[in-house]
Amino acid sequence: MSSVKKLEQVYEGKAKKVFKTDSPDYYIVEYKDDATAFNGLKHGTISGKGVINNKMSNAMFALLEKNGVKTHFVEQLSDRETVVKAVKIVPLEIIIRNVAAGSFSKRYGVEEGTALKCPTLEFSLKNDELNDPLINDSHIIALGVATEKELDSIKKLAYKVNDVLKEFFAGIGVKLIDFKIEAGRLSNGEIILADEISPDTCRFWDAKTNEKLDKDRFRRDLGGVEEAYQEIFKRINSK
Ligand code: TMP
């Protein structure tokens, strides 16, 4: 697989670049240190983030594969580069929450840290111009963003990811508060897990102290941003 050749860039997002390869079945993603928040209003750099997010995402994808979840992960090429299966991303942010925080707490007036009686699932339409609006099942289907069958697979995938990750993080003294994932379609139409799983896309709180170990430190100017990414990565590697 390391024989795959990196060709031209096909996409640049806020935290990653995606490159074509000499095989139509594979892309190469490259993780950057750039950080943004509030739909790009806030910009910064988190030194070393790209390396941690690359390695951590790959470790999480490997764990999920071991537990029966199909992902886009193929092979890590370097500190920042990974070969992934070529997919068409379903333009949805798929968000699971175990504990109230962030936009959920704001929207419903629920104190951050309130445990939810069951995990919740919500979707936002990935569209920067519209500020990623919340979207419901019938709108997703009516707009042709995904079919009903695809939505069913996406929901099953999301809850399974939550089950596996929640247990894994509990084992390293971390509460998985919430997270965002993205799904992609393979050329045969199959839905698999794509994008990344990192402190950029999850909320992690220390199980004992509730200290935030994720990008909220950057979003909210809490300081200790790099250290939080390093701490999560250290705990993952201690397992
Ligand atoms: P929220 O509470 O701001 O809606 O965020 C929920 C989860 O989704 C949180 O773990 C952070 C993650 N997230 C992203 O990965 N990308 C985004 O653009 C946003 C807004 C949230």
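So, how was this worked out
Residues numbered from 1 in each chain as written. Predicted model: local features only at pLDDT ≥ 70, side-chain atom pairs only at ≥ 80, totals over all residues. Heavy atoms only, no water. Disulfide = S-S within 2.5 Å. Buried < 20%, exposed > 50% of the residue type's maximum accessible area, 1.4 Å probe, protein only. Near = heavy atom within 4 Å. Polar contact = N/O pair within 3.5 Å; in protein donor to acceptor, adjacent residues only side chain to side chain. Areas by Shrake-Rupley, 256 points an atom, 1.4 Å probe, with all protein chains shown as cover. Helix = DSSP H or I, 4+ residues; strand = E, 2+ residues; numbered from the N terminus. Contact = heavy atoms within 4.5 Å. 1 Å grid on protein atoms, 1.4 Å probe; cavity = no way out; pocket = protein on both sides within 12 Å on 5 of 7 lines; lining within 4 Å. Points joined across faces, edges and corners; volume = space filled by probe spheres on them. Phe/Tyr/Trp six-rings, centres within 6.5 Å; stacked < 30°, edge-to-face > 60°. Axes fitted to C-alpha atoms, helices over the stretch in contact; angles between N-to-C directions. Left-handed = near helix turned anticlockwise from the far one by under 90°. Pairing = 2+ DSSP bridges.

### Brief notes about the state of the cysteines
- Taken as a whole, this structure holds 0 disulfides when the rule is applied.
- Free of any disulfide, Cys 202 has its nearest neighbouring cysteine sulfur in Cys 118, separated by 19 Å.
- Note on Cys 202: relative accessible area 3%, which makes it buried.

### Side note on the site of the ligand
- Around the ligand, the structure places 14 residues, and the nearest of them are Arg 97, Ser 103, Asp 178, Lys 180 and Arg 203.
- Here Ser 103 contributes a side-chain N or O atom positioned 2.5 Å from an oxygen atom of the ligand.
- Arg 203 places a side-chain nitrogen or oxygen 2.9 Å from an oxygen atom of the ligand.
- Burial of the ligand by the protein amounts to 76% of the accessible area it has alone, namely 450 Å².
- Taken together, the elements giving at least two residues each to the shell around the ligand come down to strand E9 (92–99), helix H2 (102–108), strand E12 (174–185) and strand E14 (202–206).

### Here we look at the side chain of Arg 235
- As for its placement among the helices and strands, Arg 235 is situated in helix H6 (residues 225–237).
- Overall, Arg 235 belongs to the buried group, its relative accessible area being 18%.
- Looking at Arg 235, its side chain comes within polar contact range of the main-chain oxygen of Gly 173, at 3.0 Å.
- Reaching out from Arg 235, the side chain makes a polar contact with the side chain of Glu 231 at a distance of 2.7 Å.
- For Arg 235, the residues in contact, after removing those within four places along its chain, are Ile 172, Gly 173, Val 174, Asp 206 and Leu 213.

### Some remarks on the layout of surface pockets
- Its volume calculated, the second largest pocket comes out at about 220 Å³.
- What lines the second largest pocket is simply Pro 24, Asp 25, Tyr 26, Tyr 27, Lys 85, Ala 86, Val 87, Lys 88, Arg 185, Leu 186 and Ser 187.

### Side note on the packing of aromatic side chains
- A full pass over the atoms with the stated rule returns 3 aromatic pairs.
- Considering the side-chain rings of Phe 104 and Tyr 108, the 4.9 Å spacing of their centres and the 70 degrees angle between planes classify their relative orientation as edge-to-face. Of the two residues, Phe 104 and Tyr 108 both sit in helix H2, 4 residues apart, roughly one turn of that helix.
- Judged by its relative accessible area of 11%, Phe 104 falls in the buried class.

### A look at the packing of helix H1 (residues 49–66) against H6
- Running from N to C, H1 and H6 point in directions that differ by 35 degrees, and their axes come no closer than 10 Å. Remark: the crossing between H1 and H6 carries left-handed chirality. On H6, the residues that touch Lys 49, Ile 52, Asn 53, Lys 55, Met 56 and Met 60 of H1 are Tyr 229, Gln 230, Ile 232, Phe 233 and Ile 236.

### So, the sheet that holds strand E6 (residues 73–76)
- Strand order across the open sheet formed by 5 strands is E1-E2-E3-E7-E6, with antiparallel pairing between neighbours. Strand pairing shows two members of the sheet lacking a second neighbour, strand E1 (6–12) and E6, which therefore form its edges. Each neighbouring strand pair of the sheet contributes to a mean axis angle of 30 degrees, computed without reference to strand direction.
- By the bridge criterion, 4 bridges tie E1 to strand E2 (residues 16–21) in an arrangement that is antiparallel.

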